[in-house]
Amino acid sequence: MVTLKDILVRRYGYNRDDFGSAGLVRLDLEEGTLSPVPLHDIFTPHRIDPAKVVRLTALFSPGQQLTLMGVGRAPTRRFTVLMVSGDGLMVEGGGARELVGWEILRHGLMRPELLVFDCDLQGRDEAQRQRKKATKSLCTGPRLAL
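Here goes a summary of the coordinates provided. (Residues numbered from 1 in each chain as written. Predicted model: local features only at pLDDT ≥ 70, side-chain atom pairs only at ≥ 80, totals over all residues. Heavy atoms only, no water.)

Some words on the sheet that holds strand 5 (residues 65–68)
Stage number 1. Strand order in the open sheet formed by 6 strands is 1-9-5-6-7-8, with antiparallel pairing between adjacent strands. The open sheet is flanked by strand 1 (2–3) and strand 8 (96–101), the only strands paired with a single partner.
Stage number 2. With 4 bridges joining them, strand 5 and strand 6 (residues 77–85) adopt antiparallel strand pairing. Each bridged residue has a counterpart across the sheet, and for Leu68 the counterpart in strand 6 is Arg77. (Pairing = 2+ DSSP bridges. Helix = DSSP H or I, 4+ residues; strand = E, 2+ residues; numbered from the N terminus.)

Rendered as structure tokens:
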């Protein structure tokens, strides 16, 4: 199990300072992006590294199983991603299909430790690299021992 915070750290180079003093990231629903909340005061000019601006659609893919932890009285939700669009995710949970807009996922996107990916994304990436490596090795000619 991997949280969204883990993904932001591993894939996009986020560090402790990027999560602000409350552990939050900046969510822009109009642009469909996440970006760091620097630990600078409002009078300190700062620049956001463009590599750390993450498109929401890049975080999700069909087949992922997600858990959105509930806050307060909101229940914890578990679902499987069927499709990713600019408006949100088409998911299946509890036998029903529904469109879960980004605004419904808002608290899990802003507080990235609340959104849990039930599969290991790093393992999936490693498996893809291994497949590419195997394909390349099959395409090379036989080596002669000298």
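Let's talk about the pattern of salt bridges
Side-chain pairs of opposite charge can arise where the charged atoms are in close proximity.
Stage number 1. Summed over all chains, the structure comprises 3 salt bridges.
Stage number 2. A salt bridge links Arg77 to Glu98; the shortest N-O distance between them is 2.7 Å. Taken together, the residues Arg77 in strand 6 and Glu98 in strand 8 connect sequence positions 21 residues apart.
Stage number 3. Using a relative accessible area of 25% as the deciding quantity, one classes Arg77 as partly exposed.
Stage number 4. Arg111 is the salt-bridge partner of Glu113, the closest N and O atoms lying 3.6 Å from each other. (Salt bridge = Lys/Arg side-chain N within 4 Å of Asp/Glu carboxyl O. Buried < 20%, exposed > 50% of the residue type's maximum accessible area, 1.4 Å probe, protein only.)

Some details on the sheet that holds strand 3 (residues 33–35)
Stage number 1. In spatial order, the strands read 2-3-4; together these 3 strands make up an open sheet with antiparallel pairing. The open sheet terminates on both sides in strands that have one partner only, identified here as strand 2 (26–28) and strand 4 (54–55).
Stage number 2. Where strand 3 and strand 4 come together, 2 bridges link them in antiparallel fashion. Bridge pairing in strand 4 places Leu34 opposite Val54.

Function-wise, these values are silent; they only describe arrangement.
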